[in-house]
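# Close look at the chain arrangement
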Amino acid sequence: MSFLPFYIPQRKKLNIVIVGGGYAGITALTTFVRYMPDANITIIDPRSHHIKITHLHESFRYPLQDFMVPFSSLEERFSCRHICAELHATEDNIQQWSDDKFIAINEEEIEFDYVLIASGAASGRTSQEKNVHDINTFLTISGSELINRSLETIDQEKPYISVVGGGATGIQFLFEIAHFIKRKKMKCNLRLIHSNDRVLQQFPAGFSEYTEARMSDLGIDFQQNTYYQKQTENSIFLKSKETKEEFELPSKMTLLFLGNNPGKRLSANTFGQVIINSQPIRNIFVAGDCSDYNSCGSNTMSAQSSVRKGRLAACNILRDSSILKIFEPYLHQDLGYVISLGPKDAVGWLAVEDNVVGGTPALLLKELVESQYDLLLAKGINTYLM
Ligand SMILES: Cc1cc2nc3c(=O)[nH]c(=O)nc-3n(C[C@H](O)[C@H](O)[C@H](O)COP(=O)(O)OP(=O)(O)OC[C@H]3O[C@@H](n4cnc5c(N)ncnc54)[C@H](O)[C@@H]3O)c2cc1C
C-alpha cells in the first residue's frame with residue numbers, strides 16, 4: 001500500500017459514496033484505491049459511461065466510443081460499485097444524509113462513512129428546439145455524424161452553420177467543424193456568434209488575437225457583440241449588444257455553447273468539506289466544477305482543478321478516518337491552459353498567464369496533460385506533480 005503523509009489507517013474498512021463519476025470523482029476513486037484498497041466504494045452516476053469530456057469536440061475525427069469508458073469496466077478495474085441514478089445534492093439533502101448516515105436511492109439504503117459530491121457543473125441554457133443542439137447532443141452522437149446527417153437533408157447550395165459562444169468549449173468545437181468541413185470538401189459556411197468583442201475574453205488578449213487570425217484564415221464569419229435569440233427552419237435571429245437592434249441571418253443549424261452556470265456551486269472549506277450555514281459538514285466533501293473552495297487555490301471550472309480537488313478531498317477523507325486528523329489545505333494554482341484549434345493547432349498559456357503559446361508547443365502541452373489523465377484512468381497511476 002502506498003504512503004500518504006499524515007494518514008495512519010485504522011482497522012475500520014470505510015464505506016464511501018462518490019456522487020458523480022467525472023474527472024473529480026474518478027480521481028478520488030483512484031486515490032482511495034491506492035491508499036485504502038479494501039474500502040467499499042459506490043459511485044452514483046446517471047450515465048452508463050465515464051466520459052472523457054475534454055475530448056468531446058474531437059468526435060469530428062474519432063468515434064465517440066473512444067472517449068467513453070463504461071462504468072462496468074471501472075467497477076472491475078477498481079473494485080467499486082456503480083449505481084446508475086441521479087442524486088440531487090441540495091443543502092437540505094446533504095444535511096439529511098449527514099444526519100441519517102445513509103443515502104436512500106432506488107429503494108436501497110446506502111450506508112456511508114463519507115460522501116464525496118462531484119456531480120459537475122450545472123449547464124447554462126439547454127435547448128429542445130429543432131435544428132438547435134448543445135453539448136448534450138454530442139454525448140449521444142459524434143460530431144461528424146451530426147453534421148453529415150443534418151447537411152444530407154438540406155437542399156440549399158451553401159448553407160450556414162452557426163456556432164454560438166466564443167468561450168473555450170465553443171472555440172474548440174468551431175475549429176473542429178471548420179476542419180471537418182474542409183476535409184470532407186463540404187459546401188457549407190460557418191459563423192461564430194459571440195456576446196463579447198473578442199473571443200476567449202477570459203484569457204489574455206494574445207489568445208483572442210491568435211484565434212481570430214486563424215478563424216479568418218479558415219473563412220469563418222465572426223458576429224461579435226451579438227446575442228442569440230432563436231433558430232428557425234432557415235434563419236437565425238440575433239440581437240446587437242450595442243444597438244439592441246434585432247436582425248435575421250440565413251442559418252440551417254445552430255450549436256449552442258453558452259458555458260456552465262457557476263452560481264449553483266457548493267461552498268467548501270479549504271479541506272474540501274461542504275459548508276452549510278457557515279458550518280463544515282465533517283463527513284461530506286465536494287470536488288470538481290460543482291465546488292467553490294474557500295481557499296487561495298484555483299476554483300476554475302477546469303479538468304485540472306477538478307482532478308486536484310478530487311485528489312485532495314479523497315486524501316482528507318482518509319486523514320479524517322485516521323488517528324492524526326491533520327488535513328491538507330487546497331493550494332493548487334493552474335499551471336497553464338490550452339485550447340485546441342483543430343487537429344494541428346492550439347493556443348494556451350504556460351506557467352504565467354501572459355506567457356501565451358500557439359501552434360505545436362501548445363498542442364504538445366495539451367497532449368501531455370491528456371495522457372496524464374489517460375494513465376490515471378487506465379492504471380490508477382497519478383503523475384500529477386502539483
Ligand atoms: C468540450 C470540452 C472541452 C474541455 N476541455 C478542457 C480542457 O482542455 N482543459 C480543462 O482543464 N478543462 C476542459 N474542459 C472542462 C472540464 O471538462 C471540466 O471542468 C471537468 O470535466 C469537470 O470535472 P467534474 O468531475 O467536476 O465534472 P464532470 O467531468 O462533468 O463529471 C460530472 C459527473 O457527474 C455526473 N452527474 C451529474 N449530475 C449528477 C447527479 N445529479 N447525480 C449523480 N451524478 C451526476 C455526470 O454524469 C458526470 O459523470 C472541457 C469541457 C468541455 C465540455
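Parameters and conventions
Residues numbered from 1 in each chain as written. Predicted model: local features only at pLDDT ≥ 70, side-chain atom pairs only at ≥ 80, totals over all residues. Helix = DSSP H or I, 4+ residues; strand = E, 2+ residues; numbered from the N terminus. Rg over C-alpha atoms; globule rule 2.2 N^0.38 Å. Buried ≥ 20, exposed ≤ 12 C-beta atoms within 10 Å, placed from the backbone. Contact = placed C-beta atoms within 7 Å. Near = placed C-beta within 6 Å. Nonpolar A, V, L, I, M, F, W, Y, C, P; charged D, E, K, R; others polar. Domains from an automatic or database assignment. Pairing = 2+ DSSP bridges. Axes fitted to C-alpha atoms, helices over the stretch in contact; angles between N-to-C directions. Left-handed = near helix turned anticlockwise from the far one by under 90°.

## Comments concerning the overall build of the protein chain
The helix and strand inventory of the protein chain stands at eight helices and 25 strands. For a compact globule of 386 residues, the expected C-alpha radius of gyration is about 21 Å, and the protein chain comes in at 22 Å, within 12% of that figure. Judged by the C-alpha coordinates and their principal axes, the protein chain covers about 70 × 45 × 40 Å. Taken over 386 residues, the protein chain has a buried fraction of 41%. Counting contacts in the protein chain only where the partners sit at least 6 residues apart, residues at least 24 apart contribute 67% of the total.

## So, the environment of F207
You can see F207 is positioned in helix α6 (residues 205–217). Look at F207 and you get buried, because 24 C-beta atoms sit within 10 Å. Each C-alpha atom of the pair F207 and V338 lies 9.8 Å from the other, and the pair is 131 residues apart in sequence. With residues up to four places along the chain from it excluded, the contact list for F207 reads L200, V347 and V356.

## Focus on the site of the ligand
Taken together, 32 residues sit near the ligand, with G20, G22, G120, G288 and S302 positioned nearest. For the shell around the ligand, a count of residues per class yields 13 nonpolar, 15 polar and four charged. Counting the residues that make up the shell around the ligand, at least three belong to each of domain 1 (15–122 + 261–334) and domain 2 (125–257).

## Remarks on the pairing of strand β16 (residues 246–250)
If a strand is regular, its side chains alternate between the two faces of the sheet. In the sheet, strand β15 (residues 235–240) pairs with β16 via five bridges, with the strands oriented antiparallel. From the neighbouring strand, F237 faces β16, where its bridge partner is E248. Adjacent in sequence and paired antiparallel, β15 and β16 are bridged by five residues, among which K244 carries a positive phi angle near 65°.

## Re the packing of helix α1 (residues 23–35) against helix α7 (residues 303–320)
The geometry of α1 relative to α7 is characterised by a closest axis approach of 7 Å and an angle of 35° between their N-to-C directions. As for the relative orientation of α1 and α7, their crossing is right-handed in sense. For the pair α1 and α7, contact is made by Y23, A24, G25, T27, A28, T31, F32 and Y35 and by A303, S306, V307, K309, G310, R311, A313, A314, C315 and L318, respectively. For the contact of α1 with α7, the class distribution of residues is 11 nonpolar, five polar and two charged.

## Examining the sheet that holds β15
Spatial ordering of the open sheet is given by β14-β15-β16, a layout of three strands whose pairing is antiparallel. Two strands close off the open sheet at either side, each with one partner strand: β14 (226–231) and β16. Averaged over all adjacent pairs, the angle separating strand axes in this sheet is 30°, with direction ignored. Of the strand pairs in this sheet, β14 and β15 are connected by five bridges, and their pairing is antiparallel. Paired with Y228 across the strands is L238, a residue of β15.

## Some remarks on the domain arrangement of the protein chain
Reports of interface size often rely on the accessible area that becomes lost once the parts have come together. In terms of domains, the protein chain is made up of domain 1 (15–122 + 261–334), domain 2 (125–257) and domain 3 (335–386). On a C-alpha basis, the centres of domain 1 and domain 2 stand 33 Å from each other. At the junction of the two partners, domain 1 supplies eight residues and domain 2 supplies 10 residues. Looking at the side of domain 1 that touches domain 2 residue by residue, the classes come out as five nonpolar, two polar and one charged.

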